[in-house]
Structures are given as C-alpha cells and as structure tokens.
Amino acid sequence: YGIMGIDFRLESGEGRITVQRCALARRYSELTCKVMSAVDEGVLRGINPRLGMRFTEFLTAGADRCEAKVLMEVNG
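Residues numbered from 1 in each chain as written. Predicted model: local features only at pLDDT ≥ 70, side-chain atom pairs only at ≥ 80, totals over all residues. Heavy atoms only, no water.

### Some details on the side chain of Glu-41
Stage number 1. Among the structural elements, Glu-41 can be located in helix H1 (residues 30–47).
Stage number 2. Judged by its relative accessible area of 16%, Glu-41 falls in the buried class.
Stage number 3. Here Glu-41 is in contact with Met-53, Arg-54 and Phe-55, once residues within four sequence places are set aside. (Helix = DSSP H or I, 4+ residues; strand = E, 2+ residues; numbered from the N terminus. Buried < 20%, exposed > 50% of the residue type's maximum accessible area, 1.4 Å probe, protein only. Contact = heavy atoms within 4.5 Å.)

In structure tokens form, the structure reads like this:
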C-alpha cells in the first residue's frame, strides 16, 4: 500500500484500521473509493473467511481519514 501512497495504521486491540493519507483519494470519486474498499474487504475475507471489515469513514467523503472496523465472526 505504501507504493500507492496509502499510509495506514492497524490498531489490533481495537480492530480498527485508520488511513491518514491516500494519494488515490485526490483522483477517486466517493463511489470509486467505496468500490475499491469493498475489494479490500474481499481480500481480507479471502485470507480468513471469519474476518469481516467495514469502512465507516472515507477521505473522499470529506472525512479527515478513512476508518474501517475489522471483526471476527464467532460461530455460536
């Protein structure tokens, strides 16, 4: 991600990913960013089918960062 100008931090204790800087945000529309974020979510699920990730904030929507929550599904 660094080569694409994406600077992110994973806070594993909270299951949160924060993107402070993204060179792509200047070129992407909000919709394009949401589609690409869904691709990232799919990659994570491909690594571990019990993991899920949902972005709640987007730089392209005017937020000061992108933020996603990573969750582990628990089978009852």
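What follows picks up the thread again.
### Some details on the pattern of salt bridges
Stage number 1. Across all of its chains, the model carries 9 salt bridges by this definition.
Stage number 2. Ionic pairing is found between Arg-54 and Glu-41, a salt bridge with its closest N-O pair at 2.8 Å. Here Glu-41 lies in helix H1 and Arg-54 lies in strand S3 (residues 51–57), a separation of 13 residues in the sequence.
Stage number 3. Salt bridges sharing partners connect three or more residues here, namely Arg-9, Glu-11, Glu-14 and Arg-16. (Salt bridge = Lys/Arg side-chain N within 4 Å of Asp/Glu carboxyl O.)

Interpretation in functional terms is not warranted from these geometric data alone.
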